Amino acid sequence: MISENDLKEMEKLGLEEKASRVEEMLSKKEKPRPFELGLYLALKMALELKNGQELGSMTSKIVTSWMTKYPESTVEEAIALAKQFFVNPSAIAAKIKEGFLKTDA
């Protein structure tokens, strides 16, 4: 389980480090939750924009690889969550925080 302190520490990190940490967390999970995948995807999308790359230049490959690993419904929900991050970041941030603070099933 991730604590409030863990989340506060993560907020201080740059995009690259955040994406790296989430990627590391995902690599240890057989069945990641959609919000975990969505968070990673949103961070990678933000990196594309920050680096002046076309949106989807990196992230489309990530999503394609997910389609072979995870159920389609999980991937679709992750994509929707990542998109929401850009439209309404405070609402999705609260949802992500809530998900991280829940114990793993």
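The structure presented is a predicted model; accordingly, all values stated were derived computationally and were not measured. (Residues numbered from 1 in each chain as written. Predicted model: local features only at pLDDT ≥ 70, side-chain atom pairs only at ≥ 80, totals over all residues. Heavy atoms only, no water.)

**Q** Can you tell me about the side chain of Glu36, naming the residues and giving the values?
**A** Tracing the chain through its elements places Glu36 in helix α3 (residues 34-50). Setting aside chain neighbours within four positions, we find Glu36 in contact with Val22, Met25, Leu26 and Lys29. (Helix = DSSP H or I, 4+ residues; strand = E, 2+ residues; numbered from the N terminus. Contact = heavy atoms within 4.5 Å.)

**Q** Give a description of the packing of α3 against helix α4 (residues 59-69) that names residues and reports values.
**A** Orientation of α3 relative to α4, taken along the N-to-C sense of each, is 160°, at an axis distance of 9 Å. The orientation of α3 with respect to α4, classified from their angle, is roughly antiparallel. The handedness of the crossing between α3 and α4 comes out as right-handed. Touching Leu37, Tyr40, Leu41, Lys44, Met45 and Glu48 of α3 are Thr59, Ile62, Val63 and Trp66, all from α4. A per-class count over the contact of α3 with α4 returns seven nonpolar, one polar and two charged. (Axes fitted to C-alpha atoms, helices over the stretch in contact; angles between N-to-C directions. Parallel < 35°, antiparallel > 145°, perpendicular 65-115°, else oblique. Left-handed = near helix turned anticlockwise from the far one by under 90°. Nonpolar A, V, L, I, M, F, W, Y, C, P; charged D, E, K, R; others polar.)

**Q** Please set out α3 residue by residue, giving values where relevant.
**A** Its 17 residues place the ends of α3 24 Å apart at the C-alpha level, agreeing with the 24 Å of an ideal helix rising 1.5 Å per residue. When you tally the buried positions in α3, you get 15 out of 17 residues, the bulk of the element. At the C-terminal side of α3, Gly52 shows a positive phi close to 75°. (Expected span 1.5 Å × (residues − 1). Buried < 20%, exposed > 50% of the residue type's maximum accessible area, 1.4 Å probe, protein only.)

**Q** So what's going on with the pattern of salt bridges? Residues and values would help.
**A** Considering all chains together, one arrives at five salt bridges under this definition. Of the charged contacts in the structure, one is a salt bridge between Lys28 and Glu24, with a shortest N-O distance of 3.4 Å. Classification of Glu24 by relative accessible area gives partly exposed; the value is 45%. With a closest N to O distance of 3.0 Å, Arg33 and Glu36 form a salt bridge. Given a relative accessible area of 23%, Arg33 falls into the partly exposed group. Assessed through its relative accessible area of 1%, Glu36 is described here as buried. (Salt bridge = Lys/Arg side-chain N within 4 Å of Asp/Glu carboxyl O.)

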